[in-house]
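Each chain, written out:
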Amino acid sequence: MERGKMAEAESLETAAEHERILREIESTDTACIGPTLRSVYDGEEHGRFMEKLETRIRNHDREIEKMCNFHYQGFVDSITELLKVRGEAQKLKNQVTDTNRKLQHEGKELVIAMEELKQCRLQQRNISATVDKLMLCLPVLEMYSKLRDQMKTKRHYPALKTLEHLEHTYLPQVSHYRFCKVMVDNIPKLREEIKDVSMSDLKDFLESIRKHSDKIGETAMKQVPGAQDLVDFSPVYRCLHIYSVLGARETFENYYRKQRRKQARLVLQPPSNMHETLDGYRKYFNQIVGFFVVEDHILHTTQGLVNRAYIDELWEMALSKTIAALRTHSSYCSDPNLVLDLKNLIVLFADTLQVYGFPVNQLFDMLLEIRDQYSETLLKKWAGIFRNILDSDNYSPIPVTSEEMYKKVVGQFPFQDTELEKQPFPKKFPFSEFVPKVYNQIKEFIYACLKFSEDLHLSSTEVDDMIRKSTNLLLTRTLSNSLQNVIKRKNIGLTELVQIIINTTHLEKSCKYLEEFITNITNVLPETVHTTKLYGTTTFKDARHAAEEEIYTNLNQKIDQFLQLADYDWMTGDLGNKASDYLVDLIAFLRSTFAVFTHLPGKVAQTACMSACKHLATSLMQLLLEAEVRQLTLGALQQFNLDVRECEQFARSGPVPGFQEDTLQLAFIDLRQLLDLFIQWDWSTYLADYGQPNCKYLRVNPVTALTLLEKISREMKDTSRKNNMFAQFRKNERDKQKLIDTVAKQLRGLISSHHS
C-alpha cells in the first residue's frame with residue numbers, strides 16, 4: 001500500500017519535471033538548450049519524456065494547421081499580388097543590373113583611387129605609428145650617441161652621468177626593442193670602459209707629474225704661489241668622481257695613495273753623484289718640493305682623497321730620508337763654496353715647504369750640523385791659503401817707497417808707529433808680507449762664516465758665538481799648524497825664524513782689532529755674558545815660542561856644524577898664538593846672526609845669545625873630555641885655551657844688548673876655571689879650597705878634573721918611555737908624574753867622599 005503510494009508520488013514528480021523541461025525548451029534559445037536536454041538524458045524516465053514530447057509536438061502541429069486554415073484566403077491573395085509584383089521586380093532588376101553595370105564601369109577608377117587611398121591611409125597610419133615609436137627611441141639613440149662622443153673626447157665623468165640617465169630614464173621606455181636590450185647588456189661594459197679609461201688617464205697623470213716634479217718644484221722655489229697651475233689636475237678629479245659614482249671611491253683612494261707613496265720613495269732616493277754639483281742637490285730638492293706641492297693641492301681641492309694624517313706621514317718619511325741623504329752626501333763635499341750654496345738651497349727648500357704648511361725645524365737643525373762641516377771645509381781651504389801665503393813669503397820687512405804704498409799697507413793691517421811715519425822714504429815695515437795677508441784672510445774667513453749664518457733664523461748672540469768659535473779653530477788649529485809647519489821645516493833659516501817672531505808679535509797685537517771687527521758685524525759686545533773670547537793671542541804666542549825654540553835649536557845645530565870642523569892636535573907640543581880657524585868663523589857667524597836680531601824682543605835675543613854661548617861652552621867641554629881622546633899635551637890645552645879666550649872675548653863684546661856686565665861670559669865659566677886650574681897647575685889651591693862657597697875653582701868638578709888629568713898623565717908616561725935616554729929629563733918627568741899621581745889620588749878621594 002505504502003509502496004504504491006510512494007510510486008504514485010514519484011510518478012507525479014516526474015510528470016511535473018517533464019512539464020517544466022518542455023516549457024523551458026519552448027521558451028529557451030536553441031543555443032542554450034543543451035543543458036536542458038542533458039538533464040533529460042541524465043534522468044531515468046527518458047522514454048516517458050519522449051512520449052510527452054511527441055504528444056506536445058502533435059498538439060502544436062494541430063494548432064498551426066488551424067491557424068493556417070484560418071488565414072488561407074489571405075495567403076492566396078498575397079500570392080496573386082506577389083506574382084504581379086514579380087514582373088515589375090524583373091524589370092526593376094534589369095534596370096538595377098544595367099545601372100550597376102554602368103555604375104561599375106563608371107566607378108572603376110574611383111575604386112582604384114579608393115584602393116590607393118586605402119593604401120595611403122594604411123601607410124599614413126604606419127608612418128604615424130613609426131614616427132611615434134621613433135620619437136620614443138630617438139632620445140635614447142641621441143643619448144647613446146652623446147655617450148659615445150663624450151667617451152671619444154675623454155669626458156668620462158659627463159659620460160658616466162649620461163649613462164645613468166640612459167639606463168634609468170630612457171631605456172625603460174623602449175625596453176621591448178632588441179637594440180635596447182643590446183644597449184642594456186652593454187651598459188656594464190661601458191661602465192668598466194669608463195672606469196678603465198679614467199684610470200688610464202690617472203696613470204698618465206701620475207707618470208706626468210713624476211716626470212715634471214722638478215719643474216713644479218723649481219717654479220715653487222722661485223715664486224712659491226702658482227706652481228700648482230703648471231699641473232692639470234682634471235684627470236684626478238674626473239677619476240675620483242667616476243669612482244665615487246661607481247661606488248669604488250675607497251679603491252681609488254687606496255690606489256692613488258699607494259702609487260704616490262711609491263713615487264715619494266723614488267723622489268727621495270738621491271742620485272749617487274748628487275754631491276758633485278749644486279745642480280744635483282737642486283734637482284733633488286725640486287722633485288721633493290714638486291711632489292708635496294701636488295699633494296698639498298690635492299689635499300685642499302678634493303674631499304678626502306688624501307688627508308692630513310697621510311700628508312704628515314709622507315712628510316715625516318721625506319724629512320728623515322732627506323736629512324739622511326744630505327748628511328751622507330754633504331760629508332763628501334770639500335768645497336766650502338759648494339757647502340754654502342747648498343746651505344742657501346736648503347734654506348730656500350725649507351722656506352718654500354714652510355709656505356705650504358710643512359714643519360721644517362728639523363731641516364734648520366740639520367743646517368747647524370752642516371755649519372760645523374762648512375767650518376771644517378773652510379778650515380781646510382784656509383789651511384791651503386795660509387800655506388801658500390807662508391810658502392811664498394820672502395820673510396823680509398816690507399819696503400815702501402811712497403806714501404801711497406805706505407797707506408796701502410796700513411789700510412790692510414792695523415799698524416801705527418810714529419817713529420816709522422817720520423822716517424823718509426824708502427823705509428821698511430818691521431813685518432813681512434804675510435802679516436797683512438794673514439790678517440786679511442782671517443777677516444775673509446769671518447765673512448765666510450757670517451755668510452753661512454744668514455737666513456738661519458739665529459739670534460745675534462748665536463751668530464757671534466758661531467763666528468768666534470770658528471775663528472778660534474782657525475787661529476788655534478789651522479793657522480797655528482801652518483806656522484808650526486813653517487817653523488819646523490828642515491831648511492828654515494835663522495833670518496826666517498827671526499822674521500816669524502816679529503810677524504807673530506804684530507799679529508798678536510792685532511787680535512783686539514779682530515775682536516772689534518766681529519763686534520761690528522754681529523752687534524754683540526765682547527762684554528756680553530757667555531761671549532767667546534778669541535784665542536789669537538795664545539796662538540801667536542805659541543808660534544813665537546816655537547820659533548824661539550827653533551832659533552835656539554837652529555843656532556845650536558849651526559854651532560855643531562862648525563865644531564865638526566874642529567881639528568885639534570891633542571898631542572902637539574907647539575904653543576899656538578891665535579884661535580883656531582873654525583872658531584874664528586863660528587864667532588863671525590854668531591856676530592852676523594845676532595846682528596839680525598835687532599828687531600826681536602830684547603829677551604828673545606838675549607836668550608838666543610845665552611843659549612848659543614852655553615851650547616858652545618858645553619860642546620867645547622865635551623870635545624875636551626871626549627873618551628876617544630886618550631891623551632893630550634899641555635900645549636894642546638894652551639891652544640884650546642886660546643879658543644876659549646876668543647869665545648870669552650865674543651861674550652864681552654856684547655853681541656846682543658841688554659846683558660849686565662859679564663853675564664854672558666858666565667856661560668864659559670866652567671871651561672875658564674878648568675883651563676886656569678891646569679894651565680896654572682894650581683892644584684894646591686883647588687884641593688885646599690874645595691867645597692868652600694867662595695873658592696877660586698868652584699865650577700870645576702873633581703870628576704872632570706880627574707878625567708882631564710888622566711889624559712895628561714897618559715901623555716906624559718908615553719913621552720917618558722920614548723925619551724928614556726935623557727936621564728935628567730926622566731927625573732923631572734918622574735917628579736911631575738908623582739905629583740900627578742898624588743893629585744889624582746886626592747881627586748879620587750874627593751869624589752868618593754862626595755858620593756858617600
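Residues numbered from 1 in each chain as written. Predicted model: local features only at pLDDT ≥ 70, side-chain atom pairs only at ≥ 80, totals over all residues. Heavy atoms only, no water.

As named in an unreviewed UniProt entry, the protein chain is Exocyst complex component, taken from Zalophus californianus. According to the UniProt record, the Sequence similarities (unreviewed entry) comment for the protein chain reads "Belongs to the SEC15 family." The Function (unreviewed entry) field of the UniProt record for the protein chain holds the comment "Component of the exocyst complex involved in the docking of exocytic vesicles with fusion sites on the plasma membrane." (UniProt positions renumbered as here; feature names shortened; annotations may be inferred.)

Points about the overall build of the protein chain
Each helix and strand in the protein chain was counted, giving 26 helices and 2 strands. In summary, the protein chain has a C-alpha radius of gyration of 69 Å against a globular reference of 27 Å for 756 residues, an excess of more than 25%. Projecting the C-alpha coordinates of the protein chain onto the three principal axes gives extents of approximately 240 × 85 × 55 Å. Nonlocal contacts in the protein chain, meaning residues at least 24 apart in sequence, comprise 78% of its contacts between residues at least 6 apart. Across the protein chain, the centroid of the 98 positively charged side chains sits 3 Å from that of the 103 negatively charged ones. (Helix = DSSP H or I, 4+ residues; strand = E, 2+ residues; numbered from the N terminus. Rg over C-alpha atoms; globule rule 2.2 N^0.38 Å. Contact = heavy atoms within 4.5 Å. Lys, Arg positive; Asp, Glu negative; His and termini not counted. Charge placed at Lys NZ, Arg CZ, Asp CG, Glu CD.)

Comments concerning a nonpolar patch on the surface
Judged by side-chain polarity, Tyr72, Phe75, Ile79, Leu82 and Leu83 come together as a nonpolar surface patch covering roughly 530 Å² of accessible area. Inspection of the secondary structure puts Ile79 in helix 4 (residues 72-152). (Patch = residues over 30% accessible without salt bridge, like charges linked within 9 Å, V, L, I, M, F, W, Y side chains within 5 Å. Areas by Shrake-Rupley, 256 points an atom, 1.4 Å probe, with all protein chains shown as cover. Salt bridge = Lys/Arg side-chain N within 4 Å of Asp/Glu carboxyl O.)

Regarding the packing of aromatic side chains
Note on aromatic pairs: each is described by the distance of the centres and the angle between the planes. Within this structure, the stated rule accounts for 33 aromatic pairs. An angle of 80° between the planes, with centres 5.1 Å apart, marks the rings of Phe291 and Phe292 as edge-to-face. By the burial criterion, Phe291 is buried, and Phe292 matches it. These aromatic residues form a ring-pair network of at least three members: Tyr406, Phe413, Phe415, Phe425, Phe429, Phe431 and Tyr439. For Lys343, the ring lying beneath its charged end belongs to Phe452, and the centroid distance is 5.9 Å. Lys427 extends its terminal NZ or CZ atom over the ring of Phe425, reaching a point 4.4 Å from the ring centre. (Phe/Tyr/Trp six-rings, centres within 6.5 Å; stacked < 30°, edge-to-face > 60°. Buried < 20%, exposed > 50% of the residue type's maximum accessible area, 1.4 Å probe, protein only. Lys NZ or Arg CZ within 6 Å of the ring centre and 35° of its normal.)

Focus on the UniProt feature "coiled-coil region" (unreviewed entry) in the protein chain
In this structure's numbering, the residues bearing the UniProt feature "coiled-coil region" (unreviewed entry) are residues 82-109. Secondary structure content for residues 82-109 is 100% helix and 0% strand, and the end C-alpha separation is 39 Å.

What to know about the environment of Asp149
With respect to the helices and strands, the residue Asp149 is situated in helix 4. Judged by relative accessible area, which is 42%, Asp149 ranks as partly exposed. Between the alpha carbons of Asp149 and Ala159 there is a distance of 8.4 Å; along the sequence they are 10 residues apart.

What about the packing of helix 6 (residues 178-223) against helix 7 (residues 234-245)?
Following both chains from N to C, one finds helix 6 and helix 7 inclined at 150°, their axes separated by 9 Å at the closest point. Compared by their axis directions, helix 6 and helix 7 come out roughly antiparallel. Helix 7 is crossed by helix 6, and the crossing has left-handed handedness. Contacts between helix 6 and helix 7 pair Ile194, Lys195, Ser198, Met199, Asp201, Leu202 and Phe205 from the former with Pro235, Val236, Arg238, Cys239, Ile242 and Tyr243 from the latter. Split into classes, the residues belonging to the contact of helix 6 with helix 7 amount to 9 nonpolar, 1 polar and 3 charged. (Axes fitted to C-alpha atoms, helices over the stretch in contact; angles between N-to-C directions. Parallel < 35°, antiparallel > 145°, perpendicular 65-115°, else oblique. Left-handed = near helix turned anticlockwise from the far one by under 90°. Nonpolar A, V, L, I, M, F, W, Y, C, P; charged D, E, K, R; others polar.)

Observations regarding the pattern of salt bridges
In the structure shown here, the tally under the stated rule is 27 salt bridges. A salt bridge links Arg261 to Glu313; its shortest N-O distance comes to 3.3 Å. Placement of Arg261 in helix 8 (residues 249-267) and of Glu313 in helix 10 (residues 308-330) is noted, with a sequence separation of 52 residues between them. Since its relative accessible area comes to 23%, Arg261 is described here as partly exposed. Ionic pairing is found between Arg714 and Glu710, a salt bridge with its closest N-O pair at 3.9 Å. With Arg714 and Glu710 both in helix 25 (residues 702-722) and 4 residues apart, the pair spans about one turn of that helix. Residue Arg714 is classed as partly exposed on the basis of its relative accessible area of 29%.

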